[in-house]
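Reading the structure
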Amino acid sequence: SLSEQPITKGVVLIIGDANMPLGRQDSLSHVAKYLPSIGWTTVVMPSLGLSLVSNMVVPIESSDAQVINDTQEANADDVTIAAAEQALKNSISEKSKGTVTHSINSSSAVSAASEAALIVYSQEVEAYLAATLTHMRTTMGHRIVVTQGITAATIAKLVSDRDTLMQQIDTLVINNPYWPIRKLNNKLPMIIAQTPIPVLYLVSQWDNSCSKQTERKRRIKARTELKEVYRQADIIGQPLDQIQMQYIARQIKGWTTYLGW
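Right, let's walk through the structure included here. (Residues numbered from 1 in each chain as written. Predicted model: local features only at pLDDT ≥ 70, side-chain atom pairs only at ≥ 80, totals over all residues. Heavy atoms only, no water.)

1. Some thoughts on the nonpolar core
The nonpolar side chains of a soluble globular protein tend to be buried with one another. Note the threshold: Buried Ala, Val, Leu, Ile, Met, Phe, Trp, Tyr and Cys residues that are joined via side-chain atoms within 4.5 Å together make up what is termed a nonpolar core. Between buried and exposed lies partly exposed: a residue is buried under 20% and exposed over 50% of the maximum accessible area for its type, with that area taken using a 1.4 Å probe on protein chains only. A run of H or I in DSSP becomes a helix once it reaches four residues, and a run of E becomes a strand once it reaches two; helices and strands are each numbered from the N terminus.
The biggest cluster of nonpolar side chains holds 41 residues, and the ones touching the most others in it are Leu13, Leu129, Ile155, Met166, Leu172 and Trp179. Those elements that provide at least two residues to this core are strand E1 (10-15), strand E2 (40-45), helix H3 (107-135), helix H4 (149-160), strand E6 (171-175), helix H6 (188-193) and strand E7 (199-204). By residue number, the principal contributor to this core is H4, which donates seven residues. Within the second largest apolar cluster, 21 residues are counted, among which are Leu28, Trp40, Val173 and Ala233.

2. Considerations on the pattern of salt bridges
Note the following rule: By definition, a salt bridge exists where a carboxyl oxygen of Asp or Glu is found within 4 Å of a side-chain nitrogen of Lys or Arg.
Counted by the stated rule, this structure contains three salt bridges. Across the pair Asp26 and Arg24 runs a salt bridge whose closest N-O atoms are separated by 2.8 Å. Residue Asp26 is classed as partly exposed on the basis of its relative accessible area of 26%. Of the charged contacts, one joins Asp161 and Lys157 as a salt bridge, the two residues approaching to 2.6 Å between their closest N and O atoms. The class of Lys157 is buried, set by a relative accessible area of 11%.

3. Considering the side chain of Thr171
Heads up, the rule is: As used in this structure description, the phrase polar contact means that two N or O atoms lie within 3.5 Å; if the pair is within protein, one of them must be able to donate a hydrogen and the other to accept it, and residues adjacent in sequence are counted only when both atoms belong to side chains. Any pair of residues with heavy atoms lying within 4.5 Å of one another is described as a contacting pair.
Within the secondary structure layout, Thr171 lies in strand E6. Assessed through its relative accessible area of 0%, Thr171 is described here as buried. Of note is the side chain of Thr171, whose polar atom sits 3.1 Å from the side chain of Trp255. For Thr171, the residues in contact, after removing those within four places along its chain, are Arg143, Ile144, Val145, Ile197, Pro198, Val199, Trp255, Leu259 and Trp261.

4. Examining the packing of aromatic side chains
Worth spelling out the cut-off: Planes of paired rings set the category: under 30 degrees apart is stacked, over 60 is edge-to-face and the rest tilted, where pairs are Phe, Tyr or Trp rings (Trp by its six-membered ring) whose centres lie within 6.5 Å. Whether a charge lies above a ring is judged from NZ of Lys or CZ of Arg, which has to be within 6 Å of the ring centre and within 35 degrees of the ring normal.
Here the structure, examined in full by the defined rule, presents two aromatic pairs. Aromatic pair Trp255 and Tyr258: ring centres 6.0 Å apart, planes at 25°, arrangement stacked. Here Trp255 pairs with Tyr258, and both are found in helix H8 (residues 242-258), just three residues apart, close to one helical turn. With relative accessibility at 1%, the residue Trp255 sits in the buried group. Its guanidinium or amino end placed over the ring of Tyr258, Arg231 lies 5.0 Å from that ring's centre, counting from NZ or CZ.

5. Side note on helix H7 (residues 209-224)
Filter applied, for reference: A helix's residues, less one, multiplied by 1.5 Å, set its expected span.
The terminal C-alpha atoms of H7 lie 24 Å apart, and with 16 residues this matches the ideal 22 Å at 1.5 Å per residue to within 8%. Every buried residue of H7 is listed here: Ser211, Thr214, Glu215, Arg218 and Ala222. On its buried face, H7 is in contact with helix H5 (182-185), H6, E7 and strand E8 (230-235). Leu226, located one to two residues past H7, shows a positive phi value of around 60°.

6. Considering the pairing of E8
Our working definition: Pairing between strands is defined by DSSP: at least two bridges between them are needed. A crossover gets the label right-handed when its path from the first strand over the helix to the second runs clockwise, viewed with the strands pointing away from the viewer.
Two strands pair when backbone bridges link them, and E7 and E8 are joined in this way by six bridges, in the parallel orientation. Bridging from a neighbouring strand, Leu200 pairs with Arg231 of E8. Between E7 and its parallel partner E8, the chain crosses via H7, and the hand of that crossover is right-handed.

Right under this line is the structure:
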């Protein structure tokens, strides 16, 4: 949807949670209809699929099996996300020969399989955003990403890592960010606090339990880590519906006005 104002403020990219249909009531895609009237061109991106199953089959080279075992045996608090990602990337990388297929179905391996799926999902989201930003490169102005759920957590991680692509994004608007793996979900407050761009975090009583577990910690980390521009706004009242989408649109308008856009 193109901006309805003479001077376009920029582009708002809206992408929902993983596996979220566009028409679902709580999808932030409904916010798109309220933003063109205040000067924003909106792009609604269909959600990507993510499969998190306990009985996952992945190709693992024999020499990589020990890497996964070592990673699983390590204390979760002592393993950084970067180290875990590297080990899992090695484990799921495609080899031209000498691979052996292992079924990951034990309780100790479920987490590893899920992390592997999240890494692949992160790469897909990055490529998806890159294609969309390239497509909208002729539209001048700021770039805002409005997202929720696992997708919000994934994009926040890419932003905090100073990913080259993410440098094109000027601000994040996130709702219900979480990861379905406890040790990763507990790292979200620090990840969001380390994002170098302004963040508007929309809090709702309808957020899932994983997101609620880190809600207060996110606010505290943003303060103690001296994050420059961060705001948590409560979405009160009924579940996310059309009236709430109008309210969220007003929150985004107030946020961008505060940023001077």
